[in-house]
Amino acid sequence: MLIEKLVRKNILALTPYASARSEYQGKAEIFMDANENPNETGFNRYPDPLQLVLKEKISQLKEIPVSQIFLGNGSDEAIDLLIRIFCEPGQDHIMILPPTYGMYRVCASISNVEVMEIPLAPNFQPDEDAIIGKANERSKLLFICSPNNPTGNSIEPGKIDNLIQEFPGVVVVDEAYIDFADQRSCTGLLKKYDNLVVLQTFSKAWGLAGIRLGMAFAGPYIIDLLNKVKPPYNINILTQNAALNTLENAEEIKRSTCAILRQREWLQKKLSAFTFVEKIYPSEANFLLVKVHDPENLYQHLITRGLIVRNRSNIVLCTGCLRITIGTAEENARLVKYLANYQ
Ligand SMILES: *Cc1c(COP(=O)(O)O)cnc(C)c1O
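Residues numbered from 1 in each chain as written. Predicted model: local features only at pLDDT ≥ 70, side-chain atom pairs only at ≥ 80, totals over all residues. Heavy atoms only, no water.

Colleague: Would you explain the site of the ligand in this entry?
Modeller: Close to the ligand lie 13 residues; Tyr 177, Thr 201, Ser 203, Lys 204 and Arg 212 are nearest. For the ligand, an oxygen atom lies 2.7 Å from a polar atom in the backbone of Ser 75. Within the contact set of the ligand, an oxygen atom lies 3.1 Å away from a backbone nitrogen or oxygen of Asp 76. Here the ligand, which alone exposes 390 Å², has 94% of that area covered by the protein. Here the shell around the ligand is composed, by residue class, of 4 nonpolar, 5 polar and 4 charged. (Near = heavy atom within 4 Å. Polar contact = N/O pair within 3.5 Å; in protein donor to acceptor, adjacent residues only side chain to side chain. Areas by Shrake-Rupley, 256 points an atom, 1.4 Å probe, with all protein chains shown as cover. Nonpolar A, V, L, I, M, F, W, Y, C, P; charged D, E, K, R; others polar.)

Structural data, given as C-alpha cells:
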C-alpha cells in the first residue's frame, strides 16, 4: 500500500522544527547552540529528541529495529499524532469498534475529525464485513484495541490480519494490555504490512503510568512522519531515565505481571460466588468486566467505602457492567469483603 497517498498534504509539505540538538551529528564537548544554562543541575541540557539510548534497549527487548520505533508522551500522544497526520479535518474519518477505549474519539473530536462506529458483535469480535463494507477512501485509520478495553478479550488474530489486508487506510492495533494476554503481539505482522501501527505502553504491566511513555511500532515511513510532527522534546530526561532503569529490571516486571494474573484468577473465582454477579467476562487484561444487578447501587456501595471501580453500565454491549482493575492481594480481599456486606 502506498502510505504517502493517505497522508494530509500539509503534513507531506511540512518542514519540521529543526532543534539545536538535532542539527549536528557526532560528539561535541562544548554546547553553545541551544541557549541552555551551562551550569550542571543534572537537567540543564535538553533531552535527546529521538531518545536513541532508550530506543536501543526497547529494540533489543522487542526485536524491532530502532527505525521502526516511535516514543510518545503516553500512547495517547501517538493516537493524537496519527489522527493529525492522516485525517483532514471535516473530510476524513477514523473507524472505531465500540465498546472501546475513549481516547480515539476524543482525539478525533479535538481535531474535528469524524468518527465512524462499527460496534463489536455480541461476542466482542469485530464485524469484518460491516467494517470493510462501510470503509471508503476517506477512512484513514481503523483502531483495533486488543485486548480490548473495557471488554478484556483479545481480537482473533485471523480477523486482525484480514482487516489489515482489506482496510483501505492504516490499521492501528492498540496493545496496551498485551503483557497480560495469552495472545501474541501483532508486531510480528510489521514485516508483512506497511499500513500497520502497533501501540504499546509503559502505563500498565510496566507500572509506569506516572512517567507518561508510550510506544508505536510501524514501518520507517510512518515512524518518520510521527517524528516530523511530534513536539521536538516530547520525552523528558526524567521519563527516559526511569524507563531505562525499569527495563533493567524486566524480570521483576514479569513477576509482578504473573502476580496480577494470579490475583485476577482469584478475584474472578470470588466474584462468581456472589448472587448479584450475573456474568464475568473472560479477560486477557488486568481488569474484569463484571455484569451485576443494579450496577449504580453497587457502584455507590463501593464508593462510600472508598473503593472506586469504573461504571461502564451505560455503554454499548456493557449494560449492567462494572470494570474492576485488579489490585494488590490486600485490595482485592477488601473488595470481596465489601461485596460480602452488600445487600
Ligand atoms: C491505558 C490505555 C492506554 C495507555 O495510554 P497511555 O497514554 O500510554 O497511558 C492506551 N490504550 C488503551 C486501550 C488503554 O486502556
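Now that the structure has been shown, the text picks up again.
Colleague: Looking at this structure, how should I read helix H12 (residues 329-340)?
Modeller: Three or four residues apart is the spacing at which side chains of an α-helix point the same way, because the helix has 3.6 residues per turn. An ideal rise of 1.5 Å per residue puts 16 Å on 12 residues; H12 measures up with 17 Å between its terminal C-alpha atoms. When we look at burial in H12, the residues that qualify are Asn 332, Leu 335, Val 336, Tyr 338 and Leu 339. All buried residues of H12 project into a common sector of 160° when viewed along the axis, lining one side. In H12, the exposed residues that point more than 90 degrees away from the buried face are Glu 330 and Ala 340. Contact partners of the buried residues in H12: helix H10 (250-272), helix H11 (295-303) and strand S11 (321-325). (Helix = DSSP H or I, 4+ residues; strand = E, 2+ residues; numbered from the N terminus. Expected span 1.5 Å × (residues − 1). Buried < 20%, exposed > 50% of the residue type's maximum accessible area, 1.4 Å probe, protein only. Arc of directions from axis to C-beta. Contact = heavy atoms within 4.5 Å.)

Colleague: Just checking my understanding: could you explain the environment of Ser 272 for this structure?
Modeller: Relative to the helices and strands, Ser 272 resides in helix H10. Given the relative accessible area of 45%, Ser 272 is considered partly exposed. For Ser 272 and Lys 192, which are 80 residues apart along the polypeptide, the C-alpha to C-alpha distance reads 42 Å. Only 2.7 Å separates the side chain of Ser 272 from the backbone oxygen of Lys 269, close enough to count as a polar contact.

Colleague: Whenever I open this one, the pattern of salt bridges confuses me. Can you help?
Modeller: Opposite charge on two side chains allows them to pair when their charged atoms are near. As enumerated under the stated definition, the model contains 11 salt bridges in all. The closest approach of N and O atoms between Asp 92 and Lys 140, which form a salt bridge, is 2.9 Å. Residue Asp 92 is located in the loop between helix H4 (75-86) and strand S2 (93-96), and its partner Lys 140 is located in strand S4 (residues 139-145); the two are separated by 48 residues in the primary sequence. By relative accessible area, Asp 92 is classed as buried at 1%. The exposure class of Lys 140 is buried, given its relative accessible area of 7%. The salt bridge involving Glu 251 is made with Lys 254; its shortest N-O contact spans 3.8 Å. Of this pair, Glu 251 and Lys 254 both sit in helix H10, 3 residues apart, which is roughly one turn of that helix. Shared partners join several salt bridges into a network, and the residues in it are Asp 92, Arg 138 and Lys 140. (Salt bridge = Lys/Arg side-chain N within 4 Å of Asp/Glu carboxyl O.)

Colleague: I tried to follow the sheet that holds strand S8 (residues 277-280) on my own but got confused; where do I start?
Modeller: Two pairing modes exist for strands in a sheet, parallel and antiparallel, and in both the strands are linked by backbone hydrogen bonds. Taken together, 4 strands build an open sheet; the order of strands is S8-S9-S11-S10 and the sheet is antiparallel. At either margin of the open sheet sits one strand with a lone partner, and together these are S8 and strand S10 (310-311). Sheet strands in contact with H10 are S8, strand S9 (287-292) and S11, and its direction is about 5° off that of S9. In the packing of H11 onto the sheet, the strands contacted are S9, S10 and S11, and the crossing angle to S11 comes to about 35°. (Pairing = 2+ DSSP bridges. Axes fitted to C-alpha atoms, helices over the stretch in contact; angles between N-to-C directions.)

Colleague: Where do I start with the packing of helix H3 (residues 52-62) against helix H9 (residues 237-248) in this structure?
Modeller: Any two packed helices are characterised by how steeply their axes cross, that is the angle between the axes, and by the distance between the axes. Relative to each other, H3 and H9 sit at 30°, their axes nearing to 10 Å. Between H3 and H9, the angle falls in the class roughly parallel. Both H3 and H9 take part in a crossing whose hand is left-handed. Each of Val 53, Leu 54, Lys 57, Ile 58 and Leu 61 in H3 lies in contact with H9, whose residues at this interface are Gln 240, Ala 243, Leu 244, Leu 247 and Glu 248. (Parallel < 35°, antiparallel > 145°, perpendicular 65-115°, else oblique. Left-handed = near helix turned anticlockwise from the far one by under 90°.)

Colleague: Explanation requested: the sheet that holds S2 in the structure shown.
Modeller: Pairing within the open sheet is mixed, and its 7 strands lie in the order S1-S7-S6-S5-S4-S2-S3. In the strand order of this sheet, the two ends are held by strand S1 (69-72) and strand S3 (114-117), each with one partner. Shown here is a sheet whose adjacent strand axes are inclined to one another by a mean of 25°, direction ignored. Sheet analysis places strand S5 (residues 170-174) next to strand S6 (residues 196-201), joined by 4 bridges and oriented parallel. Within S6, the position partnered with Val 171 by the bridge is Leu 196. With respect to the sheet, helix H8 (residues 220-229) is in contact with S1, S5, S6 and strand S7 (214-217), its orientation differing from that of S1 by roughly 30°.

Colleague: I would appreciate a short explanation of H3 in the present structure.
Modeller: If you check which residues of H3 are buried, you get Leu 54, Lys 55, Ile 58 and Ser 59. Axial view of H3: buried residues confined to an arc of 140°, hence all on one face. Turned more than 90 degrees away from the buried face of H3 sit Val 53 and Gln 60, all of them exposed. Contact partners of the buried residues in H3: S1, S7, H8 and H9.

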